[in-house]
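Listed below are the residues making up each chain.
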Amino acid sequence: MTLHANTALMGVHPEERFVAQRQKKLRRMAIGSAVTIVLAVIIAVLTLAPMPSGGPAGSDKLYHILAFACLAFPLPLVRPRLALWVVLGVIAYGGAIEAIQPVFGRQAEWADLLADGIGAILGAVVARHLGLRLRRSGGLNDKDDPMTAAWLAEDAALTGDGLTLSRSRSK
């Protein structure tokens with residue numbers, strides 16, 4: 001009996017399985033994108049609104065790091081390959097906000113942009129590693145997904161941990 005016949009007997013055709021996997025990935029990307037857009041709007045409102053002076057020294061920079069780490073987190077979690085592009089986009093977004101702050105009566109600062117960049121890098125790196133770990137453990141793993149195999153191989157090569165796909169599937 002052929003593989004196609006076996007699959008047909010199980011009630012799932014290869015084409016249907018492919019479509020279902022694709023829809024699942026698109027759903028994850030849509031959710032990650034929606035969360036990112038909502039966070040971007042919240043950050044824009046908070047960074048462009050007039051701010052009362054005061055608070056502990058340096059707390060503004062901590063807020064920038066936390067906000068931009070949160071902004072950079074959702075997309076690399078669901079698509080680890082996007083981490084570099086997300087970091088670049090989030091830093092560009094932070095730069096755009098700093099550039100238009102004087103229009104809203106706020107002062108643009110290079111230190112804020114640096115804090116935005118640090119936050120973007122931290123958020124994307126943590127999300128990327130968490131996303132890859134979830135795939136290894138089967139939390140986000142789609143069986144027989146060649147992209148998962150590529151992400152795991154890329155991560156193993158970058159981190160040097162020597163973990164292979166066959167070893168991760170045996171867990």
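Higher on the page you've got the structure.
An account of the accompanying structure is given in this report. (Residues numbered from 1 in each chain as written. Predicted model: local features only at pLDDT ≥ 70, side-chain atom pairs only at ≥ 80, totals over all residues. Heavy atoms only, no water.)

## Some remarks on the nonpolar core
Right, on to step 1. If you look at the biggest cluster of nonpolar residues, it comprises 14 residues, and the most contacted ones within it are F68, L71, A72 and V90.
Right, on to step 2. Broken down by secondary-structure element, the contributors of at least two residues to this core are helix 2 (14-48), helix 3 (59-72), helix 5 (83-100) and helix 6 (110-137).
Right, on to step 3. Here the element with the most residues in this core is helix 5; it accounts for five residues. (Core = buried A, V, L, I, M, F, W, Y, C linked by side-chain atoms within 4.5 Å. Buried < 20%, exposed > 50% of the residue type's maximum accessible area, 1.4 Å probe, protein only. Helix = DSSP H or I, 4+ residues; strand = E, 2+ residues; numbered from the N terminus.)

## Details of a nonpolar patch on the surface
Right, on to step 1. Nonpolar side chains collect at one region of the surface, where I37, V41 and V45 lie side by side and expose about 280 Å² of accessible area between them.
Right, on to step 2. Of note, I37 is situated in helix 2.
Right, on to step 3. A residue is classified by how much of its surface remains accessible, and I37, at 54% relative accessible area, is exposed. (Patch = residues over 30% accessible without salt bridge, like charges linked within 9 Å, V, L, I, M, F, W, Y side chains within 5 Å. Areas by Shrake-Rupley, 256 points an atom, 1.4 Å probe, with all protein chains shown as cover. Salt bridge = Lys/Arg side-chain N within 4 Å of Asp/Glu carboxyl O.)

## Details of the layout of surface pockets
Right, on to step 1. Each pocket or cavity is described by its volume, and for the second largest pocket that value is around 270 Å³.
Right, on to step 2. Those elements giving two or more residues to the lining of the second largest pocket turn out to be helix 2 and helix 3.
Right, on to step 3. When its residues are assigned to classes, the lining of the second largest pocket shows eight nonpolar, two polar and two charged. (1 Å grid on protein atoms, 1.4 Å probe; cavity = no way out; pocket = protein on both sides within 12 Å on 5 of 7 lines; lining within 4 Å. Points joined across faces, edges and corners; volume = space filled by probe spheres on them. Nonpolar A, V, L, I, M, F, W, Y, C, P; charged D, E, K, R; others polar.)

## A look at helix 5
Right, on to step 1. Under the 1.5 Å per step criterion, the end-to-end length of helix 5 is 26 Å for 18 residues, consistent within 8% with the ideal 26 Å.
Right, on to step 2. Looking only at helix 5, the buried set comprises A83, V86, V87, V90, G94, I97 and E98. Each buried residue of helix 5 lies within a common arc of 110° when the element is viewed along its axis, so the set occupies one face. Pointing more than 90 degrees away from the buried face of helix 5 are the exposed residues L84, W85 and A99. (Expected span 1.5 Å × (residues − 1). Arc of directions from axis to C-beta.)

## Quick notes on the packing of helix 3 against helix 5
Right, on to step 1. Where helix 3 meets helix 5, the axes come as close as 10 Å, and the angle between the chain directions of the two elements is 135°. It follows from the interaxial angle that helix 3 and helix 5 lie oblique. The interaxial crossing formed by helix 3 with helix 5 has right-handed handedness. Counting all contacts with helix 3, which are made through H64, F68, L71 and A72, the residues of helix 5 involved are V86, V90, Y93, G94, I97 and E98.
Right, on to step 2. Broken down by class, the residue content of the contact of helix 3 with helix 5 amounts to seven nonpolar, two polar and one charged. (Axes fitted to C-alpha atoms, helices over the stretch in contact; angles between N-to-C directions. Parallel < 35°, antiparallel > 145°, perpendicular 65-115°, else oblique. Left-handed = near helix turned anticlockwise from the far one by under 90°. Contact = heavy atoms within 4.5 Å.)

## Looking at the side chain of T47
Right, on to step 1. Here T47 shows up in helix 2.
Right, on to step 2. The residues touching T47, leaving out its near neighbours within four places in the chain, are H64, I97, Q101 and R106.

## Focus on the side chain of R135
Right, on to step 1. Tracing the sequence through the fold places R135 in helix 6.
Right, on to step 2. The exposure class of R135 is buried, given its relative accessible area of 2%.
Right, on to step 3. Within polar-contact distance, the side chain of R135 engages the backbone oxygen of V78 at 2.7 Å. (Polar contact = N/O pair within 3.5 Å; in protein donor to acceptor, adjacent residues only side chain to side chain.)

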